[in-house]
Amino acid sequence: MEEWRRWLTSLIPGSSSIPRSTLAVLLVYSFSSQFLPIEPYFVPYITSVKKFSNHQVTVDIFPISVYSQLIFTLLMAPVCLYLSHKITYGFGVSARLVFSSYIFLLVSEEEYQTMTSLTTTTSLLSFMLASELGQLLAFQEASYGIFFVISLIALGICCAVTFLLPKDHSLSSISSLTSSWGQSKQGWTTLLKETWHGRRLQIFSLWWAVAFAGISLVQNYGTNLFDAVDSKSKLNGHILAASEAAASLGSYCAIYIEKFASKSCLSIYILGSALMGILCVSMGISSKIWVTYCLYITICGIYQTLACLVSVRCGQLLSNGQYILLFSINSFAGLLIETLLQAAIEISGLSIFSQFISFAGFFFLATAICVGLHFVDSSRTSYLVLETEPEHHISDST
């Protein structure tokens with residue numbers, strides 16, 4: 001028994017910045033916030049109980065959630081600055097990004113990747129277990145009311161644990177921000193420029209936004225695609241659980257591939273977005289439900305691995321410590337892109353299969369843009385190196 005305990009302890013890297021009790025609270029919060037067995041069955045609930053058609057869900061209902069997240073995500077940064085990160089969790093779904101920036105305020109830069117991966121892995125494993133529980137309830141033909149009750153209990157625990165989280169230091173920046181705003185009406189503009197200073201940070205932020213937009217659409221319409229390929233399949237819970245398992249494995253592995261990703265610069269992200277485009281094409285043309293399931297699981301795993309890496313990379317490149325501002329605007333940009341694509345889908349009236357092919361086109365376009373920016377950045381860096389070499393040569397001769 002002791003050997004098992006030591007083995008489990010070894011899987012969870014310790015932190016020199018925070019005590020293990022605080023780490024436990026963070027992990028409990030991460031777990032309870034995502035234990036939602038109703039989520040994999042929300043579309044079946046709407047279609048079977050509320051009697052909406054699949055087309056109505058796709059065109060009329062889901063877009064509202066996207067638009068509402070867009071508004072609240074934009075409000076995250078100023079609210080966190082004035083009310084602190086802990087209070088801002090009350091905003092709901094859009095506040096999930098607050099938790100990532102909150103962690104960066106608690107630990108040193110060397111532990112960004114470890115803490116991000118640990119909390120993300122815990123959240124994804126929680127959702128996986130909730131999906132499996134939902135699948136079990138579905139097989140037992142349980143009432144959807146039970147799904148909702150369990151989800152609400154988990155969210156109640158999450159809210160209670162929020163009061164145990166350590167205080168962040170975001171309020172310390174209020175005085176400087178207020179004085180900056182008082183001296184000049186362009187205080188926020190100056191802060192935004194300081195936050196996105198640096199070509200590398202801008203490129204990584206762009207990839208973050210476009211990848212977030214693309215995968216959000218894939219996940220929003222994943223269950224719709226399953227229903228269109230095989231309406232008799234009742235394995236949504238298992239498949240979403242498997243996708244979360246793949247994503248949690250990817251986020252945990254990010255701890256060990258961080259150095260490789262840093263050396264590869266943008267190459268690993270370019271390759272990832274290209275692969276996600278190929279997977280979307282395959283999902284759009286597949287007529288076999290098991291093929292569609294496997295492709296969906298794979299794309300979720302790839303994205304989550306890269307998402308954990310890019311958020312930490314952006315945090316490391318940030319020079320002024322305004323993590324919530326960076327995370328909020330990056331996510332807002334992703335949601336804005338998602339909203340525009342969502343509107344285009346509504347107007348075009350594409351079938352669910354054509355939608356996934358259009359998602360693939362978006363990923364390929366994003367890949368091409370990132371390749372171009374990466375080439376320009378590399379050329380600019382090489383030029384600067386060559387430009388400084390003569391100066392070093394002259395100083396050495398002197």
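Please read all numbers here as calculations on a predicted model, not as lab measurements.

Participant: Mind showing me how you'd approach the overall build of the protein chain here?
Facilitator: Helix and strand counts for the protein chain stand at 16 helices and 0 strands. Per-residue burial over the protein chain gives 48% buried out of 398 residues. Once local pairs closer than 6 in sequence are excluded, the contacts in the protein chain between residues at least 24 apart make up 83%. For the protein chain, the accessible area works out to roughly 19300 Å², and carbon and sulfur atoms hold 67% of it.

Participant: What exactly am I supposed to notice about the side chain of Ser273 here?
Facilitator: By secondary structure assignment, the location of Ser273 is in helix α13 (residues 267–285). Note on Ser273: relative accessible area 3%, which makes it buried. In this structure the side chain of Ser273 is engaged in a polar contact, spanning 3.0 Å, whose partner is the backbone oxygen of Ile270.

Participant: What is the right way to read the confidence of the model for the protein chain from this model?
Facilitator: Detailed reading of predicted coordinates is not advised where the pLDDT is low. Of the residues in the protein chain, 79% reach a pLDDT of 70 or more, and the chain-wide mean stands at 80. Averaged over each element, pLDDT in the protein chain is lowest for helix α8 (residues 174–183) (47) and highest for α13 (95). Low pLDDT (under 50) marks residues 171–183, which in the prediction has 16 contacts with non-local residues, meaning those over four places away or in another chain.

Participant: Got a minute to help me understand the environment of Asn224 in this structure?
Facilitator: Mapping Asn224 onto the fold places it in helix α11 (residues 222–229). On the basis of relative accessible area, Asn224 is assigned to the buried category, the value being 1%.

Participant: How should I be thinking about the packing of aromatic side chains in this particular structure?
Facilitator: Where two aromatic rings form a pair, the distance of their centres and the angle of their planes describe that pair. Tallying each qualifying case throughout the model produces 20 aromatic pairs. With a centroid separation of 5.4 Å and 80° between ring planes, the pair formed by Phe204 and Tyr269 is classed as edge-to-face. One end of the pair, Phe204, is in helix α10 (residues 199–220); the other, Tyr269, is in helix α13, and 65 residues separate them in sequence. Among the aromatic side chains, those forming a connected cluster through ring pairs are Tyr41, Phe42, Tyr45, Tyr144, Phe147 and Phe148.

Participant: When you look at a nonpolar patch on the surface in this model, what are you seeing that I'm missing?
Facilitator: Residues Val28, Val149, Ile153 and Ile157 make up a contiguous nonpolar surface patch of roughly 340 Å² in combined accessible area. In terms of residues, the nonpolar patch owes the most to one element, helix α7 (residues 144–162), which gives 3 residues. Of note, Val28 is situated in helix α2 (residues 20–33). By relative accessible area, Val28 is classed as partly exposed at 41%.

Participant: Explanation requested: the packing of helix α14 (residues 289–317) against helix α15 (residues 323–348) in the structure shown.
Facilitator: Any two packed helices are characterised by how steeply their axes cross, that is the angle between the axes, and by the distance between the axes. For the pair α14 and α15, the least separation of the axes is 10 Å and the interaxial angle reads 135°. Between α14 and α15, the interaxial angle falls into the category oblique. α14 and α15 meet at a crossing whose hand is right-handed. When α14 is examined against α15, the residues Ser311, Cys314 and Gly315 are found in contact with a partner set consisting of Tyr323, Leu326, Phe327 and Asn330. The residue inventory of the contact of α14 with α15, partitioned by class, reads 4 nonpolar, 3 polar and no charged.

Conventions used here
- Residues numbered from 1 in each chain as written.
- Predicted model: local features only at pLDDT ≥ 70, side-chain atom pairs only at ≥ 80, totals over all residues.
- Heavy atoms only, no water.
- Helix = DSSP H or I, 4+ residues; strand = E, 2+ residues; numbered from the N terminus.
- Buried < 20%, exposed > 50% of the residue type's maximum accessible area, 1.4 Å probe, protein only.
- Contact = heavy atoms within 4.5 Å.
- Areas by Shrake-Rupley, 256 points an atom, 1.4 Å probe, with all protein chains shown as cover.
- Polar contact = N/O pair within 3.5 Å; in protein donor to acceptor, adjacent residues only side chain to side chain.
- pLDDT = per-residue confidence, 0-100.
- Phe/Tyr/Trp six-rings, centres within 6.5 Å; stacked < 30°, edge-to-face > 60°.
- Patch = residues over 30% accessible without salt bridge, like charges linked within 9 Å, V, L, I, M, F, W, Y side chains within 5 Å.
- Salt bridge = Lys/Arg side-chain N within 4 Å of Asp/Glu carboxyl O.
- Axes fitted to C-alpha atoms, helices over the stretch in contact; angles between N-to-C directions.
- Parallel < 35°, antiparallel > 145°, perpendicular 65-115°, else oblique.
- Left-handed = near helix turned anticlockwise from the far one by under 90°.
- Nonpolar A, V, L, I, M, F, W, Y, C, P; charged D, E, K, R; others polar.

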